[in-house]
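Architecture and fold: a report
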Amino acid sequence: SNRIVYYLSKLASSRLKKGQLYSQMRKTYQISVLDFTLFEKDSDIVHNAKLFTYNEKGAKESLSDLLNVITIELPKLSKLLNRDIQELKNIEKWGIFLKYADNHSYQELVESIKKTEEGIENAVQVMQEISMEYWDMLDQISDEVHENDRYNDMMERINLAKQEGLEEGFSQGALQTKLETARNMLNCGDSLEKIASITNLPMEKIEKLAKETTAHN
């Protein structure tokens, strides 16, 4: 959910150019198609989140309709596979298409859905004609997501190591976690200065690890 908030805020801020008034800000919709279950206790496949606030009496009031997050949880679609296509909502048809378009076992169902939902058929044609420039942009976004995920994973390990250090007097386990993080960063080609900044390991130790990594490779 934190990743959804991060990219929604980034998307929203990019829509208001320098010199424009806040009143010129347009609505932003982020549609997150999830291949995992985010809301475990809720059977709904689609959720639409907006900004709300609560007054002193506890009543919910809309704060703004400019930011909107729509999540589609694909794993929950399995319960719809045996339902008559005519009973499916458009968003459910889209979900099944996205989830099972490349699954040969469900090609007959996917083709039937494409025939009943013109938008899906049009989307397939557009995807086939899409420019290389657009694919390059998607690759760049994908790389950024991967880098942010990798960085967040490392920081979570480091924070865990720090917590263990406080609780156990900087235990050997915390040190091993930092060393493992440093090795992973070296394998990814990160600079020694960046590794030292993130792990708080002495530069001498990092240089030694770099030599060991080079020797093993």
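Structural notes, computed from the coordinates. Throughout, a residue's number is its position along its own chain's written sequence, starting from 1. Since the coordinates come from a predicted model, pLDDT governs what is reported: local features require at least 70, and pairs of side-chain atoms require 80 or more to be given and counted, while whole-chain, interface and lining totals use all residues. Side-chain measures were taken over the full set of non-hydrogen atoms in the model, leaving aside hydrogen atoms and water.

**A look at the overall build of the protein**
Here a strand is any run of E in DSSP of at least two residues, a helix any run of H or I of at least four, and the numbering for each starts at the N terminus. A count of helices and strands for the protein gives eight helices and three strands. Written out in order from the N terminus, the α and β elements of the protein read α-β-β-β-α-α-α-α-α-α-α. Only protein chains enter the calculation, and the probe is 1.4 Å; a residue is then buried if its accessible area is under 20% of its type maximum, exposed if over 50%, and partly exposed in between. Burial analysis of the protein (217 residues in total) assigns 29% to the buried set. By the convention used here, residues are in contact when the closest approach between their heavy atoms is within 4.5 Å. Considering only contacts within the protein whose residues lie at least 6 apart along the sequence, 51% involve residues at least 24 apart.

**Quick word on unusual backbone geometry**
The phi dihedral of Asn200 falls on the positive side, at around 65 degrees, and the residue is not glycine. For Asn200, the position within the fold is in the loop between helix 7 (192-199) and helix 8 (203-216).

**Quick look at the packing of aromatic side chains**
Only centres within 6.5 Å qualify two rings of Phe, Tyr or Trp (six-membered ring in Trp) as a pair; their planes then separate them into stacked at under 30 degrees, edge-to-face at over 60, and tilted for everything else. In the structure shown here, the tally under the stated rule is two aromatic pairs. Ring geometry for Trp94 and Phe97: centres 6.5 Å apart, planes at 90 degrees, overall edge-to-face. Residue Trp94 and its partner Phe97 are located together in helix 2 (residues 90-100), separated by three residues, close to a single helical turn. Here Trp94 falls in the partly exposed class, since its relative accessible area comes to 26%. Residue classification places Phe97 among the buried positions, given a relative accessible area of 13%. Taking 4.7 Å as the distance between ring centres and 50 degrees as the angle between the ring planes, the aromatic pair formed by Tyr100 and Tyr106 counts as tilted. On the accessibility criterion, Tyr100 (9% relative accessible area) is buried.

**Structural notes on the packing of helix 2 against helix 3 (residues 107-116)**
The angle between two axes is taken between their N-to-C directions and runs from 0 to 180 degrees, where each axis is a line fitted to C-alpha atoms and a helix contributes only its stretch in contact. Look at helix 2 against helix 3: their axes get within 10 Å of each other, and the N-to-C directions meet at 140 degrees. Taken together, the axis directions place helix 2 and helix 3 in an arrangement best described as oblique. As for how helix 2 packs across helix 3, the hand of that crossing is left-handed. Side by side, helix 2 and helix 3 meet where Lys93, Ile96, Phe97 and Tyr100 of the first sit next to Gln107, Leu109, Val110, Ile113, Lys114 and Thr116 of the second. Side-chain classes are defined by residue name, with Ala, Val, Leu, Ile, Met, Phe, Trp, Tyr, Cys and Pro counting as nonpolar, Asp, Glu, Lys and Arg as charged, and the others, Gly among them, as polar. Taken together, the residues of the contact of helix 2 with helix 3 break down into six nonpolar, two polar and two charged. Oblique is the label for any angle not under 35 degrees, not over 145, and not in the 65 to 115 range, which are roughly parallel, roughly antiparallel and roughly perpendicular in turn. Rotating anticlockwise by less than a right angle from the far helix to the near helix defines a left-handed crossing, while the corresponding clockwise rotation defines a right-handed one.

**Some remarks on the pairing of strand 3 (residues 60-73)**
Pairing of strand 1 (residues 28-34) with strand 3 involves seven bridges; the strand directions are parallel. Within the sheet, the bridge partner assigned to Thr28 lies in strand 3 and is Leu67. Any two strands are treated as partners once DSSP identifies two or more bridges connecting them. Bridge analysis of strand 2 (residues 46-54) against strand 3 gives nine bridges, and the strand direction is antiparallel. The residue bridging Leu51 from the neighbouring strand is Ser64, located in strand 3. Counted along the chain from strand 2 to the antiparallel partner strand 3, the turn is five residues long, and its residue Gly58 has a positive phi close to 85 degrees.

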